[in-house]
Amino acid sequence: MSRIIYGAPASDTPAGGVKVIYRHSELLNHLGVESAVWHPSDSNFKCSWFENAINTIKTEELSPSTDFIIIPEIWASSYVSMFKNLDFRVAIFVQNCYYTHVNLNVENPNATKEAYRDADLILSISNDTTEYLLDIFKIPSEKILLQRYSVDAELFQPKTKLKKITYMPRKMGQHSARVISALRMLIPNDWQLCALDAMTEREIAHHLGESIIFLAFSEFEGLPVPPVEAALSGNIVIGYHGQGGKEYWKEPNFIAVEQGNIQLFIKETLLQIKRIESGHLELEQLNFLLQNIQNYFSKNNEIILLENLVRKINEQHYETIRI
C-alpha cells in the first residue's frame, strides 16, 4: 500500500485549504493508511492556529518506491515535473480552480499545462472545480477524483446567541471595509460587529457560535470553508459564494450577493437584522437546510471519498492518462 504524502506551504496564516490538507492526512492515518504532510521550506513546521496531530516528513525521506505525492494546485508548475522526473506518482489537489492559471516556473511557459498532462490524478474539491477542469482544462473525467472536506459539527455549533455579526476581513479587504463602515452607522446600538482575525480555530468557533449573521467576503473559491462553519454554527450567511460555494448556497441559510454589489450587501444585512428583531425568521426551514448541510459535510462522506482515493492509488495496473 502506498504512503500518501500531501505538500503544503509552511505558513501559520489561517487558510481553509491547508486545514483541509491536514485533516485529510490525519483521517487517512486513522483509517490505517500511512500519510504525512510535507512542508518543503521548513520540514519541522506544523500549523498551530488549529489543533492537529499530523505526521510530517522531510524531503530526504521521500521515496518513489513507497510514496504517492499530492501537490496543491498553486505548486503544480513547480513540483509535478520534478517529482515525475524522479519516478514518483503525483496528484494535483485543486482546491481552487481559479488558481490553476499560476505558473511559478519562469523557465517554462507551458509548465502548468504540462503538469496537468503528466499528473497521475487530479483531485477536485467541488462540482464547480470539476466542471472547470473538464470544460476549461479538458481533463478526461476518468482522471478526476472528487475529494471534499468535513466540518466538525461538535466544534462548530450554535451557542447562546447574541446580537453579533461576524466577518473575516482577510479576503476582499476593500469590500469588507466599505460594508462594515456603512453598517457601523446603520445597525441598532445593541448590535455588534466582530472581525474574526488572528484567531485560533476554537476562538473562531466560539464567536461564530454566538453570532447570528456571518458576512462572507469570499473571492474566487473552490468550496469555501468559513461560510459552512458559520452556517453550522447557526448563522444566516450573507455575501459572496466565490463560485465554488454555489454548491451549497441555498436560502434561507445562505443569501447570495453579486460580487461587488456593496449596496445590496448592506441592504440584505439590515433586512435580516429587521427580520431577527421582529421574530419573522423561518426557523423550521433554517433548521431543515442546516441538517442537510451537516450531512453533506459529514465525516462519513469525507471517509468515503478518501477511501475512493486510496483504492485508485493502489490499483495494480494504474497508468497515467495523458491529455
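Anyway, here's the lowdown on the structure attached to this text. Quantities reported herein were computed from a predicted structural model and do not represent experimental measurements. In this convention, every chain numbers its residues from 1, walking through the sequence in written order. Owing to the predicted nature of the model, reporting of local features is limited to residues with pLDDT of at least 70; listing and counting of side-chain atom pairs is limited to 80 or more, with chain, interface and lining totals taken over all residues. As a rule here, side-chain values cover all heavy atoms of the structure and leave hydrogens and water aside.

**Describing helix α1 (residues 16-30)**
Quick note on the threshold: Secondary structure elements follow DSSP: runs of H or I of four or more residues count as helices, runs of E of two or more count as strands, with numbering from the N terminus. Given the number of residues in a helix, its expected span is that number minus one, multiplied by 1.5 Å. Partly exposed residues are those whose accessible area sits between 20% and 50% of the maximum for their type, while under 20% is buried and over 50% is exposed, using a 1.4 Å probe and protein chains only. The contact definition used throughout considers only heavy atoms, calling two residues in contact when any of these lie within 4.5 Å.
The terminal C-alpha atoms of α1, which comprises 15 residues, lie 21 Å apart, in line with the 21 Å expected from a rise of 1.5 Å per residue. Here α1 lies mainly inside the structure; 11 of its 15 residues are buried. Among the residues making up α1, those that are buried are Gly16, Val18, Lys19, Val20, Ile21, Tyr22, His24, Ser25, Glu26, Leu27 and Leu28. Buried residues in α1 make contact with β1 (3-7), β2 (35-38), β5 (89-94), α6 (201-210), α7 (225-232) and α10 (299-313). One or two residues past the end of α1 sits Gly32, with phi positive at roughly 90°.

**Regarding the side chain of Arg148**
Heads up, the condition is: Only four residue types enter the charge count, namely Lys and Arg as positive and Asp and Glu as negative; His and the chain termini do not. The rule for a salt bridge is simple: a side-chain nitrogen of Lys or Arg has to be within 4 Å of a carboxyl oxygen of Asp or Glu. Whenever two N or O atoms come within 3.5 Å, that pair is a polar contact, provided that in protein one can donate a hydrogen and the other can accept it, and provided that, for residues adjacent in sequence, both atoms are side-chain atoms.
Positionally, Arg148 belongs in the loop between β7 (144-146) and β8 (164-167). For the buried residue Arg148, which engages in no salt bridge, the nearest side chain bearing the opposite charge is Glu247, 4.0 Å off. At a separation of 3.2 Å, a polar atom in the side chain of Arg148 contacts the side chain of Tyr296. Excluding residues within four positions of it along the chain, Arg148 makes contact with His24, Ile125, Leu223, Glu247, Tyr296, Phe297, Asn301, Glu302 and Leu305.

**Points about the sheet that holds β8**
Let me state the cut-off plainly: At least two DSSP bridges between two strands are needed for those strands to be called paired. The axes are straight lines fitted to the C-alpha atoms, using for helices just the contacting stretch, and the angles between their N-to-C directions are given from 0 to 180°.
Across the sheet, five strands lie side by side as β9-β8-β10-β11-β12; this open sheet has parallel pairing. With partners counted over all chains shown, the strands left at the sheet margins are β9 (192-195) and β12 (254-256), one partner each. Pairwise comparison of adjacent strand axes, ignoring direction, gives a mean angle of 20° for this sheet. Helix-sheet contacts for helix α5 (residues 173-186) involve β8, β9, β10 (213-217) and β11 (236-240), and the interaxial angle to β10 is about 150°. Sheet contacts for α6: β8, β9 and β10; angle to β8, the most-contacted strand, approximately 140°.

**A few points about helix α4 (residues 127-135)**
Operational definition: This arc is taken over the directions from the axis of the helix to the C-beta atoms.
Burial in α4 covers these residues: Asp128, Thr129 and Leu133. Seen from one end, α4 has its buried residues packed into an arc of 135°, which puts them on one side. Where α4 is buried, its residues contact β5, α3 (111-118), β6 (121-124) and β7.

**Digging into the layout of surface pockets**
Selection criterion: A cavity here means a set of 1 Å grid points, computed over protein atoms only, where a 1.4 Å probe fits but cannot escape. A pocket is an open set with protein on both sides within 12 Å along at least 5 of 7 lines, and lining residues have an atom within 4 Å of a point. Grid points are joined across faces, edges and corners, and a volume is the space filled by probe spheres set on the points. Three classes are used, and their members are as follows: Ala, Val, Leu, Ile, Met, Phe, Trp, Tyr, Cys and Pro are nonpolar, Asp, Glu, Lys and Arg are charged, and the others, Gly among them, are polar.
The computed volume of the largest pocket comes to approximately 740 Å³. Contributing to the lining of the largest pocket are 34 residues, with Ala15, Gly16, Gly17, Lys171 and Glu221 lying nearest its centre. Contributions of two or more residues to the lining of the largest pocket are made by α1, β10 and α7. Among the elements that take part in the lining of the largest pocket, α1 stands out by supplying five residues, more than any other. Looking at side-chain class alone, the lining of the largest pocket contains 22 nonpolar, eight polar and four charged residues. In this structure, the second largest pocket encloses a volume near 590 Å³.

**Thoughts on the pairing of β9**
How we decide: Handedness rule for crossovers: strands pointing away from the viewer, path from the first strand over the helix to the second running clockwise, crossover right-handed.
Where β8 meets β9, four bridges bridge the pair, whose relative direction is parallel. What sits directly across from Tyr167, in β9, is Ala195. As for the winding sense of the linkage, the β-α-β connection from β8 through α5 to β9 is right-handed.

**A word on the sheet that holds β6**
Across the sheet, which stays open at both edges, the seven strands sit in the order β3-β2-β1-β4-β5-β6-β7 with parallel pairing between neighbours. The two strands at the open ends of the sheet, each matched to only one other strand, are β3 (56-57) and β7. By the bridge criterion, four bridges tie β5 to β6 in an arrangement that is parallel. Bridged to Ile92 within β6 is Ile122. In this fold helix α2 (residues 76-85) packs onto β2, β4 (67-72) and β5, with an angle of close to 165° to the strand it touches most, β5.

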